[in-house]
Amino acid sequence: MKTTHVKRAFKYRFYPTDAQAAELSRTFGCVRKVYNLALAARTEAWTRQERVNYNQTSAMLTAWKKTEELAYLNEVSSVPLQQALRHLQTAFTNFFGKRAKYPRFKSRKKSRKSAEYTTSAFRFRDGSLTLAKMAEPLDVVWSRPLPEGASPSTVTVSQDAAGRWFVSLLCEDPSVKPLPATSAAVGIDVGLDHLLTLSTGEKIANPRHERRDRTRLAKAQRQLARKARGDGANRAKARRKAAEVYARITDRRRDHLHKLTTRLVRENQTIVIEDLTVRNMVKNRSLARAISDAAWSEFRSMLEYKAQWYGREVIAIDRWFPSSRLCSTCGTLQDKMPLNVRTWTCDCGTTHDRDVNAAKNILAVGLTASVCGAGVRPQRSTPGGQSAMKQKTPRREP
């Protein structure tokens, strides 16, 4: 039987020379231009109730390069431009499959700066990575080793808002294999006071990464607000300082979530979570910042793909299940459960911690629904990959 390996992206920071930075910046601009041109052409055809596929946009790209106005597209590698057309094709496939919204145009200021190279457009030998149109290899900081004998199938170069450069290598990772099966199962209740409460009674504190750096962030934002919009260099410098604070917050949050989700997947065969509607919950202006900082959607996404890697199961229960109001001992349902009530006593005499009780109920209904096949939503099914989550209002951020 043929063994299939998981394809995994390994991301590293690198420091380009001035010439490499200029070449990559030109490539980013050309990728964005080609994507927008192709999207405009497909949108125009869509209004005529016609469909344009990847092959047709590829032919359009060849024609665009021959025009005087777009001749500069010939100055960069053609591979990232073709990959941009493939990404657009994927976006339309997801749209027609009702898995995503209609593709949007890429903005020069707001869109992610990136370019994807396939094997014909880069050379990787002995830990040295050289991209097309470049004479020297990239100065990559190899912070962790690639899998032994790994040969990258694609290389994605990007630059974030803080000005940092990254390269992501997609390789097959033979070390990612299903873990030995276990009978352990856990229910998880997410919150703001505690990031997670497990059915085992364990409570995991909410690090509140954004709040820790709120003073630095506010100062950087004030400095940016003082710069006139036409004040080019000074405004760009202030914008980058604010972006650096955001990047620090994001990096710490992602690192914490990675460690947490890896631990949960390794320790449990089945993980049951709530199907919360984060998109609706962040509309609450008093809680939006705290909910976004908790990153519940990112937590769920990490859980799901790691569970798939290691042969585990993630179950999402129905959004309307009254996990907090149901006694996990006798099954009595309370009429009301105000948010300020953190502990309560059931008629059967059992005193509950609100969050632990909810986690126990989540686990119980998840395991029951998994057996009977009802009320379970293990995967996202709404457009754009967003979860349709249970609409509950957490406590106000202190």
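Residues numbered from 1 in each chain as written. Predicted model: local features only at pLDDT ≥ 70, side-chain atom pairs only at ≥ 80, totals over all residues. Heavy atoms only, no water.

As named in an unreviewed UniProt entry, the protein is Putative transposase, taken from Streptomyces pini.

Asks: Help me understand the overall build of the protein in this model?
Replies: For the protein, the count of helices and strands is ten helices and 14 strands. Summarising its shape, the C-alpha atoms of the protein cover approximately 80 × 65 × 50 Å along the three principal directions. Look at the contacts in the protein between residues 6 or more apart in sequence, and 73% of them connect residues 24 or more apart. For the protein, the computed accessible surface area is about 22000 Å², with 49% contributed by carbon and sulfur atoms. Separation between the mean location of the 72 positive side-chain charges and that of the 37 negative ones in the protein comes to 4 Å. (Helix = DSSP H or I, 4+ residues; strand = E, 2+ residues; numbered from the N terminus. Contact = heavy atoms within 4.5 Å. Areas by Shrake-Rupley, 256 points an atom, 1.4 Å probe, with all protein chains shown as cover. Lys, Arg positive; Asp, Glu negative; His and termini not counted. Charge placed at Lys NZ, Arg CZ, Asp CG, Glu CD.)

Asks: Help me understand the UniProt feature "domain: Transposase putative helix-turn-helix" (unreviewed entry) in the protein, please; the structure alone is not making it clear to me.
Replies: On the UniProt side, "domain: Transposase putative helix-turn-helix" (unreviewed entry) is annotated at positions that read residues 6–49 here. Taken end to end, residues 6–49 is 68% helix and 20% strand, and its two terminal C-alpha atoms sit 39 Å from one another. (UniProt positions renumbered as here; feature names shortened; annotations may be inferred.)

Asks: Hey, could you run me through the nonpolar core in this one?
Replies: Membership of the largest hydrophobic core comes to 42 residues, with the highest contact counts inside it found for Leu24, Leu131, Val157 and Val167. At the level of secondary structure, the elements contributing two or more residues to this core comprise strand E1 (6–14), helix H1 (18–47), helix H2 (54–65), helix H3 (78–96), strand E2 (113–118), strand E4 (128–131), strand E6 (154–159) and strand E7 (165–173). If you tally residues by element for this core, the top one is H1, at nine residues. With near-sequence residues (within four places) excluded, Leu131 lies in contact with Leu24, Tyr117, Ala121, Phe122, Leu138, Val155 and Val157. (Core = buried A, V, L, I, M, F, W, Y, C linked by side-chain atoms within 4.5 Å. Buried < 20%, exposed > 50% of the residue type's maximum accessible area, 1.4 Å probe, protein only.)

Asks: Help me understand the pairing of strand E12 (residues 313–317), please; the structure alone is not making it clear to me.
Replies: Remember that side chains alternate between the two faces of the sheet whenever the strand is regular. A large share of E12 lies buried, amounting to four of its five residues. In this sheet, E12 lies alongside strand E11 (residues 270–274) in parallel orientation, the contact comprising five bridges. Residue pairing across strands places Val272 opposite Ile315, the latter belonging to E12. (Pairing = 2+ DSSP bridges.)

Asks: Explain the side chain of Asn268 here, please?
Replies: Position of Asn268 relative to the elements: it lies in the loop between helix H6 (232–267) and E11. There is a polar contact of 3.0 Å between the side chain of Asn268 and the backbone oxygen of Leu264. Leaving out residues up to four positions away in the same chain, Asn268 has contacts with Thr182, Ala184, Ala185, Val186 and Arg312. (Polar contact = N/O pair within 3.5 Å; in protein donor to acceptor, adjacent residues only side chain to side chain.)

Asks: So what exactly am I meant to see when it comes to the packing of aromatic side chains here?
Replies: Taken as a whole and judged by the stated rule, the model has twelve aromatic pairs. For the pair Trp46 and Phe96, a centre-to-centre distance of 5.3 Å together with 50° between the ring planes defines the contact as tilted. Taken together, the residues Trp46 in helix H1 and Phe96 in helix H3 connect sequence positions 50 residues apart. A relative accessible area of 36% means that Trp46 is categorised as partly exposed. Classification of Phe96 as partly exposed rests on a relative accessible area of 30%. A cation over a ring is seen here: Arg42 above Phe92, with NZ or CZ 4.2 Å from the ring centre. Lying over the aromatic face of Tyr35, Lys106 brings its terminal NZ or CZ to 4.5 Å of the ring centre. (Phe/Tyr/Trp six-rings, centres within 6.5 Å; stacked < 30°, edge-to-face > 60°. Lys NZ or Arg CZ within 6 Å of the ring centre and 35° of its normal.)

Asks: Any chance you could explain the sheet that holds strand E10 (residues 203–205) here in plain terms?
Replies: Paired through backbone hydrogen bonds, the strands of a sheet run either parallel or antiparallel to each other. Reading across from one edge, E10-E9-E8-E11-E12 is the order of the five strands in this open sheet, with mixed pairing throughout. Strands at the two margins of the open sheet, each flanked by one partner only, are E10 and E12. Within the sheet, the average angular offset between the axes of one strand and its neighbour, ignoring direction, is 25°. Strand direction decides the pairing type here: strand E8 (residues 185–190) and E11, joined by three bridges, are parallel. The residue of E11 that forms the bridge with Ala185 is Thr270. Contacts from helix H9 (residues 296–310) reach E8, strand E9 (194–198), E11 and E12, with the element oriented near 140° to E12. (Axes fitted to C-alpha atoms, helices over the stretch in contact; angles between N-to-C directions.)

Asks: Looking at this model, I keep getting lost on the domain arrangement of the protein. Mind explaining?
Replies: Per the domain assignment, the segments making up the protein are domain 1 (6–173) and domain 2 (185–206 + 253–372). A separation of 38 Å is found between the C-alpha centroids of domain 1 and domain 2. (Domains from an automatic or database assignment.)

Asks: Got a minute to help me understand the sheet that holds E7 in this structure?
Replies: Strands sit in the order E2-E6-E7-E1-E5 across an open sheet of five strands; the sheet is antiparallel. Edge strands, defined here as strands with exactly one partner in the open sheet, are E2 and strand E5 (140–141). Relative to E7, E1 runs antiparallel, the two sharing nine bridges. By the bridge assignment for E7, Tyr12 is matched with Val167. Sheet strands in contact with H1 are E1, E2, E6 and E7, and its direction is about 95° off that of E2.

Asks: Just to check I follow, could you spell out the pattern of salt bridges for this structure?
Replies: Between side chains of opposite charge, a pair can form as their charged atoms come close. By the definition in use, this model includes 21 salt bridges. Of the charged contacts in the structure, one is a salt bridge between Arg254 and Asp251, with a shortest N-O distance of 4.0 Å. Of this pair, Arg254 and Asp251 both sit in helix H6, separated by three residues, roughly a single helical turn. Exposure remark for Asp251: the relative accessible area of 34% places this residue in the partly exposed category. Beyond isolated ion pairs, a larger network of salt bridges with shared partners links Asp160, Arg164, Asp251, Arg254 and Glu298. (Salt bridge = Lys/Arg side-chain N within 4 Å of Asp/Glu carboxyl O.)

Asks: What's the story with a positive patch on the surface in this structure? I'm lost.
Replies: A cluster of basic residues, Arg108, Lys109, Lys113, Arg229, Arg239 and Arg240, forms a positive patch at the surface. Looking at the element boundaries, Arg240 is found in helix H6. Among the residues examined, Arg240 registers a relative accessible area of 41% and is labelled partly exposed. (Patch = residues over 30% accessible without salt bridge, like charges linked within 9 Å, V, L, I, M, F, W, Y side chains within 5 Å.)

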